[in-house]
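# Structural characterization, general
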Amino acid sequence: MIYWKSKTLLVKPEDTYGVDSAPTGAANAILALNVRLSPMEGQDTERDLETAHFGANPTIPTGVYQRLTFDVEAVPSGAAGTAPAWGPLLRMCAVAEVIEAGVSVEYSPITAEPESGSIYFAVGQTRHVMLGARGTVTLKVNAQGVPVFSFTLTGLFTIPTKVPAVTPDFSAFQKPQVASKANTPTFTIGALPFVMRNFELDLGNDVQTRLLVGQEAIRIVDKAEKITAQVEAVEIDVYNPYTIALTQAEQAIQLIHGTGAGRIMQLDIPAAQQMRPTGYDPQQNIAEWPLGFTPLPQDGDDQWLLTLK
């Protein structure tokens, strides 16, 4: 018998693509939620043999890879200018990490040469190793909830092995603050403050498996970020989402969450195109707008910036 609670997740960036970076429980443990592993994705290709009798055809597993989904609490490191323990996960999603020691850590999108990582996911003593892993992520902020990053990581397939269980060290992960009026002091669209129920930034990475003769790799071949936010509706002389959608007027969006040095997370989207409003979603007899936006690059790889400080 294997207890599901016995699982551990270790992640470490790779120096060379697809070469095991050997993460350890002491240095590379991830404190995750809602973990789900698809250990052997792919196809079952029928051999389609011609025989003289009825019966099923044998199959061959092809295009085999692994996929892991999980959430991580979006909490900075607690020390300004120190990267959080979840930083390597963002870097595996075509995101650059820039550290200004003692001041801030910045994350922003990149196009060329995204990093990859090695993932050890163990249940009991059964260890699944994902090499060359890359993926995509969504930042979710819900009122009265803990902000989280929801990751979907894809990696090359390896045969699971039995190894001794490791002891994970989660000391680098800080306690979260719920999204609230006190803890989330700023949410603006077009420099106007809005009462916000929920917010999501989906990086929208197009993650592809390229399993060819001579090379097997997980590639991020494109991306299309999108934002959804539900806010209290206001009079249209304050903010007119219909005219803004028709005129394609780009809106700056800013979200600041967290209080105290080393615990502040600031997201800036300098130019977001608002999509057509879909209607009202009344909550507690108050009109709310579900709004959608597309972050647009200006000079390239500048459609959003996440600053921890």
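Summarised in this report is the structure supplied together with it. (Residues numbered from 1 in each chain as written. Predicted model: local features only at pLDDT ≥ 70, side-chain atom pairs only at ≥ 80, totals over all residues. Heavy atoms only, no water.)

### Quick notes on the side chain of His128
Along the chain, the position of His128 falls in strand 7 (residues 126-142). Taking the relative accessible area as the measure of exposure, His128 reaches 13% and is therefore buried. Contact partners of His128, with chain neighbours within four places excluded, come to Leu37, Pro39, Gln66, Ile119, Tyr120, Phe121 and Pro160. (Helix = DSSP H or I, 4+ residues; strand = E, 2+ residues; numbered from the N terminus. Buried < 20%, exposed > 50% of the residue type's maximum accessible area, 1.4 Å probe, protein only. Contact = heavy atoms within 4.5 Å.)

### Details of the nonpolar core
With 54 residues, the main nonpolar core has Phe70, Phe151, Phe187 and Phe199 as its most contacted residues. Counting residues per element, this core draws most heavily on strand 7, which supplies five residues. Contacts of Phe187, omitting those with residues within four sequence positions, involve Leu192, Pro193, Phe194, Met196, Phe199, Ala229, Val231, Ile253, Gln254 and Leu255. The next biggest cluster of nonpolar side chains, apart from the first, holds five residues, and it includes Leu10, Ala29, Val129 and Leu131. (Core = buried A, V, L, I, M, F, W, Y, C linked by side-chain atoms within 4.5 Å.)

### Observations regarding the pairing of strand 14 (residues 215-223)
The pairing of strand 13 (residues 205-212) with strand 14 spans eight bridges and is classified as antiparallel. When the bridges of strand 14 are listed, Leu212 appears paired with Gln215. (Pairing = 2+ DSSP bridges.)

### Quick word on the pattern of salt bridges
Per the counting criterion, the structure on display carries four salt bridges. Between Glu41 and Arg67 there is a salt bridge; the shortest N-O distance is 3.6 Å. A residue pair is termed long-range when its members are at least 10 positions apart, and Glu41 in strand 2 (residues 33-46) and Arg67 in strand 3 (residues 59-73) qualify at 26 residues. The class of Glu41 is partly exposed, set by a relative accessible area of 28%. Judged by its relative accessible area of 28%, Arg67 falls in the partly exposed class. (Salt bridge = Lys/Arg side-chain N within 4 Å of Asp/Glu carboxyl O.)

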